[in-house]
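# Coordinate inspection notes
The lines below spell out each chain.
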Amino acid sequence: MRTLGDLESAIMDRMWSYHRPASVRDVLEDLRKERQIAYTTVMTVMDKLYKKGLLKRQPAGKAYVYESVGSKESYTAQLMRETLASGGNQAATLVHFLERLTPEEAAALESALRVYPPGGRSA
């Protein structure tokens, strides 16, 4: 899984925030509040995001409505796992990561570990 480009990120941020299916036109109108962009550009990028497995779609008349497959947090977690797996020495990579945590990030990690203990997966 690769990181997203600027336009892909802008579209996915909107799709994650909607929490509902949306058409290309919905996303286009939202994006046009910040930039000039063509309908076909948004349509092409949303089709690419569908092919990458980040969006699902269903026919709606002559067009499609799209919906995010997972949450932004799930996507980010997958990127983190893939980065860790490709980093060589996983223990050393994690130590370097932990050394750079802000106090807020460390608190978030502690909270997450209370929800999901490091001993393994719960049944």
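This write-up is about the structure you can find in this document. (Residues numbered from 1 in each chain as written. Predicted model: local features only at pLDDT ≥ 70, side-chain atom pairs only at ≥ 80, totals over all residues. Heavy atoms only, no water.)

### Remarks on the nonpolar core
- Residues I11, M15, V27, L31, V42, M46 and L49 are the most contacted members of the largest nonpolar core, which totals 23 residues.
- Elements with a minimum of two residues in this core: helix 1 (6-18), helix 2 (24-31), helix 3 (39-51) and helix 4 (72-86).
- Among the elements that make up this core, the one with the highest residue count is helix 1 (7 residues).
- M15 has contacts with A22, V27, M46, L55, Y66, E67 and S68, leaving out every residue within four places of it along the chain. (Core = buried A, V, L, I, M, F, W, Y, C linked by side-chain atoms within 4.5 Å. Buried < 20%, exposed > 50% of the residue type's maximum accessible area, 1.4 Å probe, protein only. Helix = DSSP H or I, 4+ residues; strand = E, 2+ residues; numbered from the N terminus. Contact = heavy atoms within 4.5 Å.)

### Overview of the pattern of salt bridges
- The tally for this structure, following the rule as stated, stands at 9 salt bridges.
- Between R57 and D47 there is a salt bridge, with the nearest N and O atoms lying 2.7 Å from each other. Of the two residues, R57 is situated in strand 2 (residues 55-60) and D47 in helix 3; the sequence distance between them amounts to 10 residues.
- A salt bridge links R100 to E99; its shortest N-O distance comes to 3.8 Å. In terms of burial, R100 and E99 fall into one category: exposed. (Salt bridge = Lys/Arg side-chain N within 4 Å of Asp/Glu carboxyl O.)

### So, the packing of helix 1 against helix 3
- Closest axis-to-axis distance for the helix 1/helix 3 pair is 10 Å, and the angle between their directions is 80°. Considered as vectors, helix 1 and helix 3 are oriented roughly perpendicular to each other. On helix 3, the residues that touch L7, E8, I11, M12 and M15 of helix 1 are T41, V42, V45, M46 and L49.
- Of the residues belonging to the contact of helix 1 with helix 3, the class tally is 8 nonpolar, 1 polar and 1 charged. (Axes fitted to C-alpha atoms, helices over the stretch in contact; angles between N-to-C directions. Parallel < 35°, antiparallel > 145°, perpendicular 65-115°, else oblique. Nonpolar A, V, L, I, M, F, W, Y, C, P; charged D, E, K, R; others polar.)

### Quick word on the pairing of strand 3 (residues 63-68)
- The pairing of strand 1 (residues 22-23) with strand 3 spans 2 bridges and is classified as antiparallel. Within strand 3, the position partnered with A22 by the bridge is Y66.
- Sheet topology places strand 2 next to strand 3; 6 bridges connect them, and they run antiparallel. Opposite P59, over in strand 3, you have Y64 as the bridge partner. (Pairing = 2+ DSSP bridges.)

### Structural notes on the side chain of E8
- You can see E8 is positioned in helix 1.
- Separated by 2.6 Å, the side chains of E8 and K52 make a polar contact.
- Those residues in contact with E8 that sit more than four places away from it in its chain are V45, L49 and K52. (Polar contact = N/O pair within 3.5 Å; in protein donor to acceptor, adjacent residues only side chain to side chain.)

### Looking at the side chain of S68
- Within the secondary structure, S68 is located in strand 3.
- Looking at S68, the relative accessible area reads 17%, which means it is buried.
- With sequence-adjacent residues up to four places away left out, S68 is seen in contact with M12, M15, W16, L54, L55 and K56.

### With respect to unusual backbone geometry
- Of note, the phi angle at H19 is positive, near 55°, even though the residue is not glycine.
- If you trace the backbone, H19 turns up in the loop between helix 1 and strand 1.

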